[in-house]
Number of protein chains: 2
Amino acid sequence: MNGNELTERLLSGDRRALARVISKIEDEDPQTPDIISELYQHTGAALSVGFTGPPGAGKSSIIAKLIELFREEDKKVGVVSVDPSSPFTKGAILGDRIRLVDHFLDKNVFIRSMGNRGHLGGLAGGSRLAGLAMEAYGTDVVIYETMGVGQGEVEVASAADTVVLCLQPGAGDAVQALKAGVMEIADIFCINKSDHPQANEAKAEVRSTLEIGHELDPDAPMPSIIMTRGDTGEGIEELKEKIEEHRASLEKSGELEKRQRASQREFVVSWAANKMQNKVQERLQRGDTKIMERVYKRELDPISASEKIFEEI
Amino acid sequence: MNGNELTERLLSGDRRALARVISKIEDEDPQTPDIISELYQHTGAALSVGFTGPPGAGKSSIIAKLIELFREEDKKVGVVSVDPSSPFTKGAILGDRIRLVDHFLDKNVFIRSMGNRGHLGGLAGGSRLAGLAMEAYGTDVVIYETMGVGQGEVEVASAADTVVLCLQPGAGDAVQALKAGVMEIADIFCINKSDHPQANEAKAEVRSTLEIGHELDPDAPMPSIIMTRGDTGEGIEELKEKIEEHRASLEKSGELEKRQRASQREFVVSWAANKMQNKVQERLQRGDTKIMERVYKRELDPISASEKIFEEI
């Protein structure tokens, strides 16, 4: 199947074509740019939500419940889930995925895990392209789920229009999130496991941290804090409402356009940086190792070496 | 003071010159390439150790004790500590730093926190350059401390010759580290808070995980697992021995050269990628926004836009 056929099938709602397109994106197939160029005009209307937070906070079960609610409204949902790449993790730790298994059988729900292939910048880029492919396929909602609190992962979530940060009580999550710099990207906070004895404490902790941030920037809207239970579904309806309200307020204020422009710009910048990275890597692999020999012998410093290769390319 | 004067002073052991050089590196000062080109020939002999692991595992107190041991041998020690960038964290959360305060007064110990300035690739790059400056200044040991388990942070630690992964018992750290893909970069595991009731359990958990990895790659050496107590210093001597043994075995096997070459190569590649990123960003800021306008209107897809700008540069 060539790229054209594939995109046509995807646009007509062929699930397998979507799966193949995302695999091509993940494998950095040379057809990717052409495919995206075909699909791009059919994107832009979906509700996009990023979920982030430390592992164990229950993001997957919240997302599973949220999908149920969107499905009740007959909306098509796509999920791009980003796991850090590890030879150990590949297929080994699937606990969180199991909760999503019901939806794997629903053909109006498309769930896809993306490995952290390629290099750092590639993580956000690849998952964004996968999201675009889902939109072109016809999903009304695209959810980006990221595990962990590293910056590469944060970028994935923060490219979405609305970012939900999930924390669990009693794990010092708020302080960790603060340290990792993810608190300021969240539009909505979700304290999961609201039946936990320290749930209210966690809420108070988040609130007081947000208030410090709010003092620094009084014009920024105060994010909502929602208490949820991924296991029973409690609070998820409220979470969904807040997500939709947030989206509506972004549209109204013009902030949505600003965010989307910033996210597109970010993509354009990192795609070019990735390309340069690949080109340098290629050159160094192609036996052009004399220059690295000089670096190793300390005759040439690595910045000068890099500048030289950059100029040559 | 110009760049030349500054590097001369640094090479003669002037502490303030070192501090200023690192600030220039952090600020991406245009003098940086020249400074590094002067300093680079004076580097390459130091023992370099990366410490990573989740916040709260006690890395800083272990490092503080380790510095004591190196100081007893009259070795000069440099520490590059990487905190994720956050408007909240800047100067706000310094708990971990306090434990290092004794060493701040010792002029043979140079501790420096690096913010996550610039972009992703820049985190590993900047801290590596700071480490080079410390080596040129005359430190015998350079320790890279990273907080968190994100990939950007992992890169910082993994560029060191020996990587120590610190975990604490009872926090599910092993599973988290596994998920985050940091287990396979560690040469030495350090289970801190060895007096914790679940310390042995944590050790067993790490061991069994390592054994799975070992089966996949039987040629890889099995990392040591050391039990430590940052508060009393228990086990830190053993940790230091293992670090030195690891370095010696790397030298003997030729692996040290391989690692250092790989790390230099990684630096050269990301420096070029960063440069491209900055150039694209500049171009987009310089009012060259027509192309982004077309992306926003979905007339042009972001990959094509990026390729176009790349070609122009």
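Structure first, text after, so check above.
The following paragraphs examine the structure supplied in this document. Source: prediction; values computed, not measured.

## Concerning the overall build of chain A
Each helix and strand in chain A was counted, giving 14 helices and seven strands. Burial analysis of chain A (313 residues in total) assigns 55% to the buried set. Sequence separation of 24 or more characterises 75% of the internal contacts of chain A that already satisfy a separation of 6 or more. Accessible surface for chain A amounts to roughly 13,200 Å². Of this, 47% is attributable to carbon and sulfur atoms.

## A few points about the packing of aromatic side chains
Here the structure, examined in full by the defined rule, presents four aromatic pairs over all chains. Relative to Tyr137(A), the ring of Phe110(A) lies with its centre 6.2 Å away and its plane at 55°, an arrangement referred to as tilted. Highlighted residues: Phe110(A) in strand 3 (residues 109-114) and Tyr137(A) in helix 7 (residues 120-137), separated in sequence by 27 residues. For the pair Phe110(A) and Tyr137(A), a shared accessibility class is recorded, and that class is buried. Arranged with centres 5.9 Å apart and planes meeting at 20°, the rings of Phe267(B) and Trp271(B) form a pair that is stacked. Here the residue Phe267(B) and the residue Trp271(B) both occupy positions in helix 12 (residues 255-285), the gap between them amounting to four residues, near one helical turn. Of the residues examined, Phe267(B) reaches a relative accessible area of 7% and is grouped as buried. Over the ring of Tyr144(A) we find Arg128(A); its NZ or CZ atom is 4.3 Å from the centre of that ring.

## Observations regarding the sheet that holds strand 5 (residues 162-167) of chain B
Residue and element names in this part refer to chain B. Taken in spatial order, the seven strands of this open sheet run 3-2-4-1-5-6-7, and their pairing is parallel. Whereas interior strands pair on both sides, the edge strands pair on one side only; in this sheet they are strand 3 (109-114) and strand 7 (224-227). Direction aside, the axes of adjacent strands within the sheet are offset by 20° on average. Relative to strand 4 (residues 141-146), strand 1 (residues 47-52) runs parallel, the two being bridged by five bridges. The residue bridging Gly50 from the neighbouring strand is Tyr144, located in strand 4.

## So, the nonpolar core
By size, the foremost hydrophobic cluster in this structure holds 86 residues, and its most contacted members are Leu10(A) and Leu10(B). In contact with Leu10(A), not counting residues within four places along its chain, are Ala17(A), Leu18(A), Val21(A), Leu39(A), Ala133(A), Ala136(A) and Tyr137(A).

## A short note on the side chain of Thr139(B)
Residues and elements named next belong to chain B. Topologically, Thr139 is positioned in the loop between helix 7 (120-137) and strand 4. The class of Thr139 is buried, set by a relative accessible area of 6%. At a separation of 3.1 Å, a polar atom in the side chain of Thr139 contacts the main-chain carbonyl oxygen of Met134. What Thr139 contacts, discounting residues up to four positions off in sequence, is Ala46, Lys76, Val77, Gly78 and Met134.

## Re the sheet that holds strand 7 (residues 224-227) of chain A
Residue and element names in this part refer to chain A. Strand order in the open sheet formed by seven strands is 3-2-4-1-5-6-7, and the pairing between neighbours is parallel. The open sheet has two edge strands, strand 3 and strand 7, and neither has a second partner. In this sheet, neighbouring strand axes are inclined to one another by 20° on average, regardless of whether the strands run parallel or antiparallel. Note that strand 2 (residues 77-82) and strand 4 (residues 141-146) share six bridges and pair parallel. Paired with Val77 across the strands is Val141, a residue of strand 4.

## Thoughts on the environment of Glu38(A)
Residues and elements named next belong to chain A. Within the element layout of this structure, Glu38 appears in helix 3 (residues 32-39). Residue Glu38 is classed as partly exposed on the basis of its relative accessible area, which comes to 35%. For the pair formed by Glu38 and Glu8, sequence separation is 30 residues and the distance between their alpha carbons is 8.9 Å.

## Thoughts on the pairing of strand 3 of chain A
All names here are of chain A. Summarising burial for strand 3: five of the six residues are buried, a large majority. Sheet analysis places strand 2 next to strand 3, joined by six bridges and oriented parallel. Across the sheet, the residue bridging to Val82 is Met114, located in strand 3.

## Observations regarding the environment of Gln31(B)
Residues and elements named next belong to chain B. Among the structural elements, Gln31 can be located in the loop between helix 2 (15-26) and helix 3 (32-39). For Gln31, a relative accessible area of 25% puts it in the partly exposed group. Linking Gln31 and Asn2, residues 29 residues apart in sequence, is a C-alpha distance of 8.7 Å. Non-local contacts of Gln31, meaning those with residues more than four positions away in its chain, are made with Asn2, Gly3 and Lys24.

## Re the packing of helix 1 (residues 3-11) of chain A against helix 3 of chain A
Residue and element names in this part refer to chain A. Taken N-terminus to C-terminus, the directions of helix 1 and helix 3 make an angle of 35°; their axes are 10 Å apart at the nearest point. In the crossing of helix 1 with helix 3, the sense of the turn from one axis to the other is right-handed. Every residue of helix 3 that contacts helix 1 at Gly3, Asn4, Leu6, Thr7, Leu10 and Leu11 is listed here: Ile35, Glu38 and Leu39. For the contact of helix 1 with helix 3, the per-class residue count stands at five nonpolar, three polar and one charged.

## With respect to the state of the cysteines
Taken as a whole and assessed by the stated rule, the structure comprises zero disulfides over all chains. The cysteine Cys190(A) is free of any disulfide, with Cys166(A) supplying the nearest cysteine sulfur at 4.1 Å.

## Brief notes about the packing of helix 4 (residues 59-72) of chain A against helix 11 (residues 236-253) of chain A
Residue and element names in this part refer to chain A. Between helix 4 and helix 11, whose axes approach to 10 Å, the crossing angle comes to 70°. For the element pair helix 4 / helix 11, the angle class is roughly perpendicular. Contacts from Ile62, Lys65, Leu66, Leu69 and Phe70 in helix 4 reach Ile236, Glu237, Leu239, Lys240, Ile243 and Glu244 in helix 11. Taken together, the residues that form the contact of helix 4 with helix 11 break down as seven nonpolar, no polar and four charged.

## Some thoughts on the pairing of strand 5 (residues 162-167) of chain A
All names here are of chain A. Burial of strand 5 is extensive: six of the six residues sit out of reach of the surface. Judged by which residues are buried, strand 5 turns out to be covered on both faces: Thr162, Val164 and Cys166 on one side and Val163, Leu165 and Leu167 on the other are all buried. Direction of pairing for strand 1 (residues 47-52) relative to strand 5: parallel, over a ladder of four bridges. Paired with Gly50 across the bridge in strand 5 is Val163. Of the strand pairs in this sheet, strand 5 and strand 6 (residues 188-191) are connected by four bridges, and their pairing is parallel. The residue bridging Leu165 from the neighbouring strand is Phe189, located in strand 6.

Conventions and cut-offs
- Residues numbered from 1 in each chain as written.
- Chains lettered and ligands numbered in written order.
- Predicted model: local features only at pLDDT ≥ 70, side-chain atom pairs only at ≥ 80, totals over all residues.
- Heavy atoms only, no water.
- Helix = DSSP H or I, 4+ residues; strand = E, 2+ residues; numbered from the N terminus.
- Buried < 20%, exposed > 50% of the residue type's maximum accessible area, 1.4 Å probe, protein only.
- Contact = heavy atoms within 4.5 Å.
- Areas by Shrake-Rupley, 256 points an atom, 1.4 Å probe, with all protein chains shown as cover.
- Phe/Tyr/Trp six-rings, centres within 6.5 Å; stacked < 30°, edge-to-face > 60°.
- Lys NZ or Arg CZ within 6 Å of the ring centre and 35° of its normal.
- Pairing = 2+ DSSP bridges.
- Axes fitted to C-alpha atoms, helices over the stretch in contact; angles between N-to-C directions.
- Core = buried A, V, L, I, M, F, W, Y, C linked by side-chain atoms within 4.5 Å.
- Polar contact = N/O pair within 3.5 Å; in protein donor to acceptor, adjacent residues only side chain to side chain.
- Left-handed = near helix turned anticlockwise from the far one by under 90°.
- Nonpolar A, V, L, I, M, F, W, Y, C, P; charged D, E, K, R; others polar.
- Disulfide = S-S within 2.5 Å.
- Parallel < 35°, antiparallel > 145°, perpendicular 65-115°, else oblique.

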